[in-house]
Amino acid sequence: MRRLPLLLPLTALAALAAAGPAAASEWHTLRKGSPAADLSFRGADGARGAAEAALKHAASELRLQGVSLRYQSELVDGDHRTVRFAQVHAGLPVLGAAVAIDVTRENRAEVVVLNVARDVSVATTPTHGEEAARRAVEATYGMTLSERPNAALAVFPEAETGGKLVWVVDVRSDRGGERYLVDAHTGKLVHRRSLAVHARGRVYPISSAVTPEVQDLELSSLDAADPQTLSGWNGNFKVVNYVDGDLAAGVPLTLEQSVGPNAGEDFLYDPPTSAEDAHDQFAQVGIYYHLTRMRDYFVSTHHIDMGAPSWKLVAVANMLEAGRPMDNAFFSGEGVGEPFRAPNLIAIGQGSFFDFSDDSDVFLHEFTHYVSANAVGYNGGQFAINEYGLSPWAGSIDEGIADYFACTVNGDSTLGEATLAPFGAARDLAKDTKTCPGDLVGEVHEDGELIGSLAWSLREKFGAKVGDRLVWGAVTLLTPNASFGDFAKALKRATDKLVTAGELTEADAGAVDALIESRGLNDCEEVLDLTGGKSQTTNMLGIDSLVFGTGASCADYRSQLSLQSLFHFKSKPDRAAKGVRFTVQVDPDRGHDVEWSIYVRTGRHVGFRLGELLPEATNYDYSVEGITETSGELVIDESSDPPFDPTQTYYLVIGHKNCPSSSVTVESEDLGVEPPVDPTDPVEPEPAGSTGGATPDPTDPIEDPEPETVVGCACRAAEPSAPVAPWTALAGVALAGAAVLRRRARARREVKA
C-alpha cells in the first residue's frame with residue numbers, strides 16, 4: 001500500500017474553491033505618523049475600532065472606494081489583535097474576499113492584508129430562483145435528493161467582468177459534503193467543490209505504536225446528563241457513531257449516541273478484539289478525549305473563543321462509506337443534520353485494515369482544519385481559484401499547519417509511525433529537504449510538507465512555546481488565496497512582533513529569515529521571476545493523475561479539461577533589448593502524450609475565467625498553442641503584434657492538456673543585447689609590423705557564418721493563424737508519479753551540491 005500523492009479522485013475534477021477569485025493578497029504597512037495609523041490610534045474603541053478607523057482613513061491609499069466590508073472576528077496573537085473583515089456587495093457575501101488587520105496593544109493599526117474584489121458590479125436580483133438552483137444541482141445526481149439542500153445567494157468575483165451572482169447550494173455526502181455554485185442569472189452550474197478537508201494516506205494510527213499501553217485518563221469538560229453521554233464543551237460537542245447512510249446517493253446519515261459509563265462514572269472500555277469492529281465504544285471514547293485535549297490547547301495557548309454556536313461540532317466514529325470501509329478522516333464545514341445538528345463535522349473512518357480512531361494524530365490534524373476554518377477561513381482546498389487560475393497554495397498551507405499542530409501537541413515530528421511507516425509514507429516534519437518552486441507538485445498534502453517542516457524547524461530553533469506562537473501568529477494574517485510567499489510575509493510579521501516585545505532578538509529574526517530563504521519561500525509568490533536570463537523549474541499535474549483509479553482515461557477527459565502550470569512567470573527586459581524569447585522545456589514522467597500552450601501578456605499576469613470545469617486562460621496578448629513536442633518557445637520582437645516594448649514587463653503561463661505529469665523548465669532571453677566584455681580576458685599582442693587594422697588577410701580562410709535559427713513571430717490571442725516558432729523535441733525520461741518527481745528534485749539538489 002504505497003502513498004500516491006498525485007492521485008486525485010475523479011469526483012474532484014470539478015471541485016474548485018470555496019473562495020472565489022478575489023485578487024491575490026496585498027500587504028500594506030501603515031507607517032507611524034501616517035494619518036491611517038495615527039487616527040486609528042487616537043480615541044480608538046478597542047482593536048476593532050482601530051481597524052475600522054484605519055480602513056476609513058486609508059481607503060484612498062488602499063483603493064477601497066466602493067468596497068463594502070463587514071466585521072467578522074477578532075483573534076488574539078500575544079498582546080496584538082488580528083481584526084478580520086469579510087467583503088459584501090449589496091449585503092451579499094463576496095466569496096473569497098477578506099481583510100486582516102494587525103493591531104498593537106495600544107490599538108494602533110500597523111499592517112493591513114487585503115484580498116478584495118474591487119470591480120464587483122453584478123446585479124443582485126436573481127433571474128433564477130432558489131428552487132431552480134436546487135433543481136440544477138439535483139440534475140447532476142440524476143435524482144431528487146431526499147434531504148433538501150441549503151441554498152443562499154452570494155457574489156462570485158470574476159476579474160474584469162463585474163462578478164457573478166450565484167446560488168451557493170450545499171449538499172451533504174458521506175465524504176463531508178459538496179458545494180455547488182449556480183449562476184443566478186443563467187441557471188447554469190458554474191462551480192463545484194468538496195467541503196471536506198481530508199487527511200492523507202490509508203491510515204494514520206500512531207498511538208498503538210507510540211503508547212501501546214492503555215491508560216485511564218480524565219475526560220474533561222463533559223456536560224452532565226442523565227444518562228451520561230460523550231457530550232461536552234457546554235453543548236458544543238458530541239461524539240456519535242455511524243449506523244447507516246450514503247449521502248452521495250442522497251441517503252442522509254443515520255447516527256447514534258449510545259455509549260455511556262461502564263465502570264461507575266468512568267468510560268473504561270477495552271480496545272476491540274477485531275480491528276474491523278465498526279461499533280466499538282473504545283473508538284468513541286478516544287475521539288472525545290483527544291479532540292477535547294486539542295481544544296484545550298487552542299483555547300489556553302492561542303486564546304481562541306470556541307463558545308459560539310458557529311463552533312458546534314459533531315465527531316463521527318467508525319465512519320463508513322455506504323457500509324463499506326472508509327480509509328480516511330476529514331473535517332467538513334457542512335456539518336450534520338438532525339437529531340445532532342451542527343455546522344461542523346469531523347469524521348473518523350473505520351478502515352479496511354485499521355480503525356483511524358486509534359491515532360490521535362488524525363484527530364489533531366482534522367481539529368486544526370476545524371480551527372482554521374472557523375477562526376480564519378483561508379483554505380480554498382485543492383482546486384481553489386483566484387485571478388491566476390488554479391491556486392492550491394492556501395490549501396497546502398493549511399495541510400502543513402494541520403500536520404504541524406498535530407505534531408507539536410503530541411511532541412513528535414512524525415505522523416503515522418504505526419501504519420504509514422511500514423509503507424514508506426510516514427510524514428517526518430524534521431526533514432527539511434523540500435524547497436519552492438522545484439519540489440512543489442500541486443497536491444495540497446504533498447506541498448504542505450514544506451510548510452510543516454518549516455514550522456517544525458522554528459520549533460526546534462526556538463522551542464515549542466515560541467514556535468507555536470510564530471506559526472499561529474502567521475496563520476491569523478492569512479486571507480483566502482494566500483500564497484506560500486504570503487505565509488513567509490506573515491511569519492516575518494509574527495517574528496517582528498516578538499522582537500518588539502523583547503521575546504526574540506534581531507539575531508533570532510535573522511535566523512527566521514534564513515529558514516524562510518532555505519525553503520525558497522522568499523521567492524514563492526504566484527509569479528516567478530525570469531529576469532536576467534534566470535531559469536525556473538517546477539512541476540505540472542497531468543490528467544492521468546486526476547482520473548487514476550476511476551476506469552477513465554486521459555482521452556476521455558482531454559476535451560473537457562484545461563490545466564496550467566503551478567506558477568506564472570515574468571521577465572523585465574533590458575532597456576537596450578530588441579526583443580525577448582521565452583523557452584519552455586517539458587519533461588513528462590512517462591511517454592510524450594502532451595498538448596500544451598504558451599500564453600504571454602504585457603504589463604500584468606495572464607487573466608483566467610471559469611471554463612466548463614476548470615479556469616481557462618482568456619486575457620493575453622501573445623500565444624503559441626497546441627504544442628505536441630516537449631520543447632517550445634515564443635519570441636516577441638518588433639514584428640510582433642503588438643510590437644516588443646522594452647519598457648514593459650512580460651508575464652507568461654503555460655496551459656496544457658498533458659496526460660502525464662511532468663517537470664517544466666522556463667527561461668527568458670533578451671534579444672539584441674551585446675554581452676558585456678570580460679575585462680579579464682587576455683589580449684593577444686599584435687605581431688611585429690602589424691598595422692592593427694581589422695581587414696583580414698586575403699590568404700586567411702573566411703569562416704562561414706552560423707545558420708540562423710528560424711523563429712516565427714509571437715502571435716496575438718485574436719490571431720491564432722499567425723506564424724509560430726519551430727519546436728525542438730527533447731527526449732522524455734520515464735518516471736512514475738510524484739514519488740519520482742520528488743526523487744528527481746532531490747537528484748537536482750545533489751548535483752548542485
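Residues numbered from 1 in each chain as written. Predicted model: local features only at pLDDT ≥ 70, side-chain atom pairs only at ≥ 80, totals over all residues. Heavy atoms only, no water.

A tally of regular secondary structure across the protein chain gives 14 helices and 33 strands. Relative to its 753 residues, the protein chain shows a buried fraction of 55%. For the protein chain, the proportion of contacts with a sequence separation of at least 24, taken over those separated by at least 6, is 73%. When the accessible surface of the protein chain is summed, it comes to about 31,200 Å², and 50% of that surface belongs to carbon and sulfur atoms. (Helix = DSSP H or I, 4+ residues; strand = E, 2+ residues; numbered from the N terminus. Buried < 20%, exposed > 50% of the residue type's maximum accessible area, 1.4 Å probe, protein only. Contact = heavy atoms within 4.5 Å. Areas by Shrake-Rupley, 256 points an atom, 1.4 Å probe, with all protein chains shown as cover.)

Attention now moves to the state of the cysteines. Disulfide: a covalent bond formed between the sulfur atoms of two cysteine residues. This structure, assessed with the given rule, holds two disulfides. A sulfur-sulfur distance of 2.0 Å marks the disulfide that ties C436 to C524. The disulfide joining C436 to C524 has a torsion of about 85° about its S-S bond and is therefore right-handed. Here the residue C436 occupies a position in the loop between β21 (427–428) and α8 (444–462), and C524 occupies one in the loop between α11 (506–518) and β22 (527–529), the gap between them amounting to 88 residues. Comparing C436 with C524, the two get one shared label, buried. Linked covalently through their sulfurs, C554 and C659 form a disulfide whose S-S length is 2.0 Å. Given an S-S torsion of about -80°, the disulfide between C554 and C659 has left-handed geometry. (Disulfide = S-S within 2.5 Å.)

This part takes up the pattern of salt bridges. This model, assessed by the stated rule, comprises 34 salt bridges. R558 is paired through a salt bridge with D593; the nearest N and O atoms lie 2.8 Å apart. Taken together, the residues R558 in the loop between α13 (554–557) and β24 (563–564) and D593 in the loop between β26 (579–588) and β27 (596–602) connect sequence positions 35 residues apart. Ionic contacts of the salt-bridge type, sharing partners, join the residues D77, D102, E110, R493 and K497 into one network. (Salt bridge = Lys/Arg side-chain N within 4 Å of Asp/Glu carboxyl O.)

This paragraph deals with the environment of S483. Mapping S483 onto the fold places it in the loop between α9 (464–475) and α10 (484–500). When the C-alpha positions of S483 and S396 are compared, they lie 9.1 Å apart, and in sequence the two are 87 residues distant. Not counting residues up to four positions away in its chain, the partners in contact with S483 are W393, I397, C524, E525 and E526.

This part is about the nonpolar core. Grouped together as the largest cluster of nonpolar side chains are 109 residues, with contacts concentrated most on L291, F298, F367, Y370 and L521. Every residue in contact with L291, bar those within four places of it in the chain, is listed here: W233, F237, L313, A315, I346, F363 and F367. (Core = buried A, V, L, I, M, F, W, Y, C linked by side-chain atoms within 4.5 Å.)

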